[in-house]
Every structure is written in structure tokens, then in C-alpha cells.
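Tertiary structure, described
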Amino acid sequence: MTRISGLLGATALSTIVSTSAVLADVTAEGVWQDLQEVYASMGQALTFENEQIGNGTVTVTGLASSWSSGVESGTLTLPDMVFADQGDGSVRITLPGSYTIDIEGKGGIDGDMAMVVDVSHPGLEVIVTEADGKMTYATSAQAMTVAIPSMTLDNQTFPLNMSFTTEDMIASTTHQQSEEVLDLAYDYQFGKTDVALDM
């Protein structure tokens, strides 16, 4: 999951800004543009089918983020993502309650590999702010579950039934980009966490 943590990763929700910080308003269109630039800086291909801009919102449909590390590649697919101005200089990002990540590996020790990762996080909230030239994506969710039902090795599928569930997730991703350098900082907090594996 480390390869997708930047994507989405990509998201993050609670930032504490000191009173001396220089705050700046962000817009829905500006945050959407920023997200595309961050993905490009991390070497990820971000594609989408359609975008609608107007009335302080940006709605993107058919969104997909793809990456490759040589022997491994993956694609995260979202049916839609909505950016909306909040009227206080911040932007809220609304994601679907669930989505999938397709991962493939070529030429590994055990041969070619493929698996589908199911991610669900009902009630996820993402708020984007800017201070001192840094963008912060602050994320919170009452619960998040990452599940891998099966894995395919050399065209043979094996049941895996692996899941990771965490409660009361709070995370923030702050970045600043200058020329071709992307400076990223992460902060994650989790409550109760359950891991299940039934092979």
C-alpha cells in the first residue's frame, strides 16, 4: 500500500494552523489542478473521462490513477470525485464510499501476480487548505476497510480473504512544490484496528 499512499493517497483532513501562518483561499478548480500536478510529480498517470466546472464546484468522472515501478503496476479507479468551495477559503473533496485498486506484478519469484484491492470508507471527509504556500489535504473517517479477497499467481486464483479495518482515522498530507521538487509530509492517526486473514 505504500505506493498508493501518495494518492490518495492521496487525501488528508485535519490541519492545525498557527495564528502567525499566512492563510490563503483555495478554490475547487485550483485544488483539482493542484492534485493533477502532485500526481504528475510522483510519476503517476492521472486520467479522467469528463470534468464539469461551475458555481464553485468541479465534478470529475471516470477518474483513474496508474503507476508502475518496473515489475509492478497498479490502477486506482474512481467513478467520480467532487471538489466544492466551502465559503471559508477551504475546499471539500467528496469521494465515493468505495472503490477498487488493481495491482499486477510481472516476473516475480512466484511468477506473475494480480489482485484487486477493495477500499471502503463511508463518511470520509477531505478538507483542503493552504497556509504559508503549503497545501494540506486533511482526511477523517469513522472507519476504513481495505480488503483483498483473492490473489492470482501464474493464472491460478487463490482465496485470500484478507482485510484491514481501522476506526477513527485522521490523516493529513501537506506538500509544497518548487520547480521540479515536491516536498511531502504525512501524519496518520488510527483508533482501533482489526486485521483478518482466512486463506
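Residues numbered from 1 in each chain as written. Predicted model: local features only at pLDDT ≥ 70, side-chain atom pairs only at ≥ 80, totals over all residues. Heavy atoms only, no water.

1. A closer look at the overall build of the chain
Going by this rule: Numbering goes from the N terminus for both helices and strands, where a helix is a DSSP run of H or I of at least four residues and a strand is a run of E of at least two. Only protein chains enter the calculation, and the probe is 1.4 Å; a residue is then buried if its accessible area is under 20% of its type maximum, exposed if over 50%, and partly exposed in between. Contact definition: two residues touch when any of their heavy atoms are within 4.5 Å. Only the protein chains shown count as cover for residues, with accessible areas throughout obtained via the Shrake-Rupley method and a probe of 1.4 Å.
Counting its secondary structure elements, the chain contains 2 helices and 13 strands. Relative to its full complement of 199 residues, the chain shows a buried share of 35%. The contacts of the chain with a sequence gap of at least 6 include a subset with a gap of at least 24, amounting to 56%. Of the roughly 10900 Å² of accessible surface on the chain, 51% is carried by carbon and sulfur atoms.

2. Topic: the nonpolar core
What counts here: Buried residues of nine kinds, namely Ala, Val, Leu, Ile, Met, Phe, Trp, Tyr and Cys, make up a nonpolar core once their side-chain atoms join them within 4.5 Å.
Counting residues in hydrophobic clusters, the biggest one holds 36 residues, and the most contacted among them are Val31, Met81, Phe83, Ile93 and Ile101. Here this core gets 6 residues from one element, more than from any other, and that element is strand 10 (residues 134-153). With residues up to four places along the chain from it excluded, the contact list for Ile93 reads Val31, Met81, Val82, Phe83, Val126, Val128 and Tyr137.

3. A short note on a negative patch on the surface
To keep it simple, the criterion reads: Like charges are joined within 9 Å and nonpolar side chains (Val, Leu, Ile, Met, Phe, Trp, Tyr) within 5 Å, but only among residues with over 30% relative accessible area and no salt bridge; these make up the patches. Salt bridge, as used here: a side-chain nitrogen of Lys or Arg that lies within 4 Å of a carboxyl oxygen of Asp or Glu. Positive charges are assigned to Lys and Arg, negative charges to Asp and Glu, while His and the chain termini are left out of the count. Here the site of a charge means NZ on Lys, CZ on Arg, CG on Asp, or CD on Glu.
Together, Asp102, Glu104, Asp112 and Asp154 make up a region of like negative charge exposed at the surface. Topologically, Glu104 is positioned in strand 7 (residues 98-108). Taking relative accessible area as the criterion, Glu104 reaches 40% and is therefore assigned partly exposed.

4. Things to note about a nonpolar patch on the surface
The grouping of Met162, Phe164, Val195 and Leu197 at the surface amounts to a nonpolar patch, some 380 Å² of accessible area in total. Only strand 11 (156-178) and strand 13 (193-197) provide two or more residues apiece to the nonpolar patch. Along the chain, the position of Met162 falls in strand 11.

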